[in-house]
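Examination of the molecular architecture
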Number of protein chains: 2
Amino acid sequence: MTTTEALSALTALEAELRAYGHALGCLNYDGETVAPRNSAPARGETMAFLSAIVHGRVTDPKTGEIIDTLLAEGDALPLKDRRRVSLLKKERDDMTLVPADEFAAYQQLMAEAMQVWHDAKLASDFAAYAPYLDKIIAYNRRFAARKDAGKPAYDVLLDGYEEGLSHETLDPFFALLRRELTPVILAVAKAPQPDTAFLEQAYPIHLQKRFTERVMQIMGIDRDDCAVGETEHPFTEGFNKHDVRITTHYHEDSVLSNLYSVVHEGGHALYELGVGDDLQGTMLSGGSSMSIHESQSRFYENLIGRSRPFCEVLLPELKSLFPQQMAGVDVEKLYRAANLSQPSLIRTEADELTYSIHVMIRYELEKAMIGGDLETRDIPGEWNRMYREYLGVDVPDDRRGCLQDSHWSFGAIGYFPSYALGSAYGVQMLQQMEKDVDVWGAVCGGSLKPITAWLGEKIHRYGQLLTPAQLVESACGGPFDPTRYVNYLKKKYGELYSL
Amino acid sequence: MTTTEALSALTALEAELRAYGHALGCLNYDGETVAPRNSAPARGETMAFLSAIVHGRVTDPKTGEIIDTLLAEGDALPLKDRRRVSLLKKERDDMTLVPADEFAAYQQLMAEAMQVWHDAKLASDFAAYAPYLDKIIAYNRRFAARKDAGKPAYDVLLDGYEEGLSHETLDPFFALLRRELTPVILAVAKAPQPDTAFLEQAYPIHLQKRFTERVMQIMGIDRDDCAVGETEHPFTEGFNKHDVRITTHYHEDSVLSNLYSVVHEGGHALYELGVGDDLQGTMLSGGSSMSIHESQSRFYENLIGRSRPFCEVLLPELKSLFPQQMAGVDVEKLYRAANLSQPSLIRTEADELTYSIHVMIRYELEKAMIGGDLETRDIPGEWNRMYREYLGVDVPDDRRGCLQDSHWSFGAIGYFPSYALGSAYGVQMLQQMEKDVDVWGAVCGGSLKPITAWLGEKIHRYGQLLTPAQLVESACGGPFDPTRYVNYLKKKYGELYSL
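As the structure is a computational prediction, the values presented were derived from the model and not from experiment.

1. Some remarks on the pairing of strand E2 (residues 236–240) of chain A
By the criterion of burial, E2(A) is predominantly enclosed, with five of the five residues buried. Linking E2(A) back to strand E3 (residues 243–248) of chain A in an antiparallel pair, the connection comprises two residues.

Below is the structure:
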């Protein structure tokens, strides 16, 4: 095989994998959003079948030949092609560890687990879900052992979400957050809380839907490229830069829940929508890593979305849609309500200050689960114990406890730390951005375009061309420094609560 | 290849085709319902790619070997297996006529045509759509010529939707409808019209959605097996008996439009939901033909849905959701408004009496289009001329003229006659059903279960096991007899309008 042949075979393979990925993504999105409840088993079969074909194509000896031929070129190959090969090799190495039938069975297991989780969550029935979770944990432990038996299994999984990430970074990171933030959380809990009575009213869902449209407009998301669905657990799915989907969840009694879901998922969407045209159709067309992805979503949600200037922009929109509910609310009141901090049960609705503690609890739990130190049946008890210990809250049921997140059901163990890492990256990016862009002037003007343009330039356009570490280095103007995140939170909440 | 080997290869092939069909159906449904506008080109590529794989599998010599081996068994093979083979052979024969690349390009063309049609309809811009329609017509003419150059091309297409159907049945059928119904239509137009002022009010869409749920409940459709989406043009998609999707279109100023879309598509859904368990997963698991499918949808929509007893059941539901709009409306008023007959522009919203004339116009147009007697650019003019001649209405724009239906965009030329045929079959089925079941007692009692059970027994459970002709014969208690349809309409409208 010549280099030219290998490159054109790579392009053809990418087209195949793109088609299967698109079909699988569509089946998954459909299943999460609109499919009827009883559709899960047949969808699981179809997804298992298609995944097995992907597995077959990636592990095919011919794919190995493409990789070997192109790797032999070394630096003679342009960066883009080198990166395509290295990502394909990573995928091939991972898939080669799992026989085709085991791989397909795992896809089906996950499809079914999503449905079971959904029902179990509503019924607060961990026992119904446990057998599925147990198998997902077992698969991940097995996979990690095969991939690198010399490394702690959880480190192997972490590396899958963020190249090079391990407990060596995360243990001190979370220790820092625990040490520095716990006193602030305790002080805030004792301080007088803002008046949030205006939020405790009915905000009709059909009006909240119109609010969603306005928020997306302010964010500069073209609805012709991005759909909005509804799910139990909001998420983003991107097929290409002209087909991104975000989802949200409407609660009549919680207008901010939908708002911040849309802003968070909108941040993910802007990343996918901003990947360079030259990368479309290649393996490099998605976001770089989960942490970089979460840095974008949490950037919009918190650094921008929960800022005073953004509340200024939102206020007239809210007043026009909900005149009665918002009567007498001014910017300061909205800003303080949007930043209410208190130890709580639900991660996705947690304030910025306590958020990372929710993540830290999941990190510790997953490390124990995958390390073999925690049986599946003991997860609820351990979850509740840690919520008591670190956040001082009693978990009343598993729906609001260990069944709240969907991640484990789609096999994502080792993903949660991305949220905290991404939040920390975001603070560094903002500080860097402020040197180049009039961030708050843009927000006050009601358009996030200059902000998105900066992120587009530094991060979005690269897709997966650069590694997470390269992106952090370039967008943050220096290496990862979590003290800046901690200091940002201490300052913001110190001011909010006059500590 | 032994018979046993061939049977197990057939089962394996069915599983493959089912998975690809499921993925393609899901991509299509997603595209029609929730995908963002700019997603069409990439979806077209993916669908073309997957269709090409299906084409490859069906035209594979090994598939020919399976068919030949099993055909050689003749009647020694059980009916179910014989039918599986014969349907596979039909699909293979058809696909073999079209080279793989032409087939894939056609799939992509259709995916793009759907999007272009959608926009062109909204803008009433036939010129933008014409190049796509032109290619779709050319493909269908080419296909028909390859399949049977000795037959009129349109007959070849008709046969694809209903085995054995040709102009020899349809010319006299539509001539009968024209001859017998035109005088009634004219008489009705001169008669005093019912009072429909109560319909010309705003019926908020979020309340109409609740009404949809009640209607589906009355129809006995389990929402865990059947989802409801929203599209420009309502349709039904069935993946298997636990995953059926119907769509509707909400118009704030037309509560009956949504109602009868839901009842119509609900009829399609009940068919798919009622296919026998023993046929699931095989090629026989869908509905038998388009006419049989439409016989079910039009049965529920008109024979049941527009009956006086059904209006009795709906009235309290409507009054409870729309107390102001429905003030002073009694059953007779609702019944007469639901059966308002007047020559109109839109097929899907036409009354029972004029409906078949809309279909007849499409039949004549398609015959000319495919027969080579009508250029694509002349379609709007010819459409408008026929609406003037046969229904006495002036078509103000193509949005309400030849761009109103989606069918041509998904390649369905020869499909429209199914609606009229199905409507006629339905009347025969109802007359037969009334011998066995207290149809109107059941409707008055607010449950369609006994009706659906009868149709389930006679039609639904057979899926594609029996031919359309066999089903008509068995469910109608005799051969097709369109005079019964004509007499039913004359009687119903004679009474309604005191002719």
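Having seen the model, we can carry on.
2. A short note on the relation of the copies chain B and chain A
When chain B is fitted onto chain A, the two copies agree to an RMSD of 0.0 Å after a turn of 180 degrees and an axial shift of 0.0 Å. One copy is carried onto the other by what is essentially a two-fold rotation axis. Considering only C-alpha atoms, the part of chain B nearest the rotation axis is B:Ala23, at 2.9 Å.

3. Observations concerning the packing of helix H5 (residues 100–123) of chain B against helix H6 (residues 126–147) of chain B
Residue and element names in this part refer to chain B. At a minimum axis separation of 9 Å, H5 and H6 run at an interaxial angle of 150 degrees. Compared by their axis directions, H5 and H6 come out roughly antiparallel. Remark: the crossing between H5 and H6 carries left-handed chirality. Contacts between H5 and H6 involve Tyr106, Leu109, Glu112, Ala113, Val116, Trp117 and Ala120 from the former and Phe126, Ala128, Tyr129, Tyr132, Lys135, Ile136 and Tyr139 from the latter.

4. Quick notes on the interface of chain B and chain A
With 27 residues of chain B at the interface, the matching set in chain A holds 27 residues. Only helix H1 (3–33), helix H2 (40–59), strand E1 (226–230) and strand E2 (236–240) of chain B provide two or more residues apiece to the side of chain B that touches chain A. Ranked by residue count, the leading element in the side of chain B that touches chain A is H1(B), at six residues. Split into classes, the residues belonging to the side of chain B that touches chain A amount to 13 nonpolar, eight polar and six charged.

5. Comments concerning the pairing of E2(B)
Examined bridge by bridge, E2(B) and strand E3 (residues 243–248) of chain B share four bridges and lie antiparallel to one another. Opposite B:Asn240, over in E3(B), you have B:Asp243 as the bridge partner.

6. Some details on helix H6 (residues 126–147) of chain A
Residue and element names in this part refer to chain A. Relative to the 32 Å expected for 22 residues at 1.5 Å per residue, H6 spans 30 Å between its end C-alpha atoms, a close match to the ideal helical length. Taken together, the buried positions of H6 are occupied by Phe126, Tyr129, Tyr132, Leu133, Ile136, Ile137, Asn140 and Ala144. Against the buried residues of H6 lie helix H5 (100–123), helix H7 (153–161), helix H14 (352–371) and helix H15 (379–391).

7. Comments concerning the sheet that holds E2(B)
All names here are of chain B. In spatial order, the strands read E1-E3-E2; together these three strands make up an open sheet with mixed pairing. This sheet does not close on itself; its edge strands, each paired only once, are E1 and E2. Averaged over all pairs of adjacent strands, the angle between their axes in this sheet comes to 20 degrees, without regard to strand direction. Helix H10 (residues 255–273) rests against E1, E2 and E3 of the sheet, and its axis sits at about 165 degrees to E3.

8. Here we look at the sheet that holds E2(A)
Residue and element names in this part refer to chain A. Pairing in this open sheet of three strands is mixed, and the strands run E1-E3-E2 from one edge to the other. Each having just a single partner strand, strand E1 (226–230) and E2 make up the two edges of the open sheet. Sheet twist, expressed as the average angle between the axes of neighbouring strands with direction ignored, equals 20 degrees. Relative to E3, E1 runs parallel, the two being bridged by five bridges. The residue of E3 that forms the bridge with Cys226 is Val244.

9. Observations concerning the domain arrangement of chain A
All names here are of chain A. By domain assignment, chain A separates into domain 1 (3–149) and domain 2 (167–496). Taken over C-alpha atoms, the centre of domain 1 sits 27 Å from the centre of domain 2. Across the contact, 30 residues belong to domain 1 and 30 residues belong to domain 2. When contributions to the side of domain 1 that touches domain 2 are tallied by element, the ones reaching two or more residues are helix H1 (3–33), helix H4 (79–96), H5 and H6. At ten residues, H6 tops the list of elements feeding residues into the side of domain 1 that touches domain 2. Along the lines of polarity and charge, the residues of the side of domain 1 that touches domain 2 split into 15 nonpolar, six polar and nine charged.

10. So, the environment of B:Glu200
For B:Glu200, the location among the structural elements is in the loop between helix H8 (167–190) and helix H9 (205–219). Separated by 38 residues in sequence, B:Glu200 and B:Gly238 have C-alpha atoms that sit 34 Å apart.

11. Some details on the packing of helix H3 (residues 61–71) of chain A against H4(A)
Residue and element names in this part refer to chain A. In the contact formed by H3 and H4, the axes pass within 10 Å of each other and the chain directions differ by 140 degrees. In this view, H3 runs oblique relative to H4, as classed from their interaxial angle. The handedness of the crossing between H3 and H4 is left-handed. On the side of H3, the interface is formed by Thr63, Gly64, Ile67, Leu70 and Leu71, while H4 contributes Asp81, Val85, Leu88, Lys89 and Arg92. Grouping the constituent residues of the contact of H3 with H4 by class yields five nonpolar, two polar and three charged.

12. Describing the confidence of the model for chain A
Within chain A, residue pLDDT values average 96, and 100% of them lie at 70 or more. Across the whole predicted complex the pTM is 0.93, and at the interface the ipTM reaches 0.93.

13. Looking at helix H20 (residues 482–496) of chain A
Residue and element names in this part refer to chain A. The end-to-end C-alpha distance of H20 is 21 Å, a good match for the 21 Å that 15 residues give at a rise of 1.5 Å each. Taken together, the buried positions of H20 are occupied by Pro482, Tyr485, Val486, Tyr488, Leu489 and Tyr493. For H20, the angular spread of the buried residues around the axis is 160 degrees, confining them to a single face. In H20, the exposed residues that point more than 90 degrees away from the buried face are Thr483, Lys491 and Glu495. Taken from the residues just after H20, Ser498 is the one with a positive phi, measuring 45 degrees.

The rules behind the values
Residues numbered from 1 in each chain as written. Chains lettered and ligands numbered in written order. Predicted model: local features only at pLDDT ≥ 70, side-chain atom pairs only at ≥ 80, totals over all residues. Buried ≥ 20, exposed ≤ 12 C-beta atoms within 10 Å, placed from the backbone. Helix = DSSP H or I, 4+ residues; strand = E, 2+ residues; numbered from the N terminus. Pairing = 2+ DSSP bridges. Least-squares fit on C-alpha atoms with pLDDT ≥ 70 in both. Axes fitted to C-alpha atoms, helices over the stretch in contact; angles between N-to-C directions. Parallel < 35°, antiparallel > 145°, perpendicular 65-115°, else oblique. Left-handed = near helix turned anticlockwise from the far one by under 90°. Contact = placed C-beta atoms within 7 Å. Nonpolar A, V, L, I, M, F, W, Y, C, P; charged D, E, K, R; others polar. Expected span 1.5 Å × (residues − 1). Domains from an automatic or database assignment. pLDDT = per-residue confidence, 0-100. Arc of directions from axis to C-beta.

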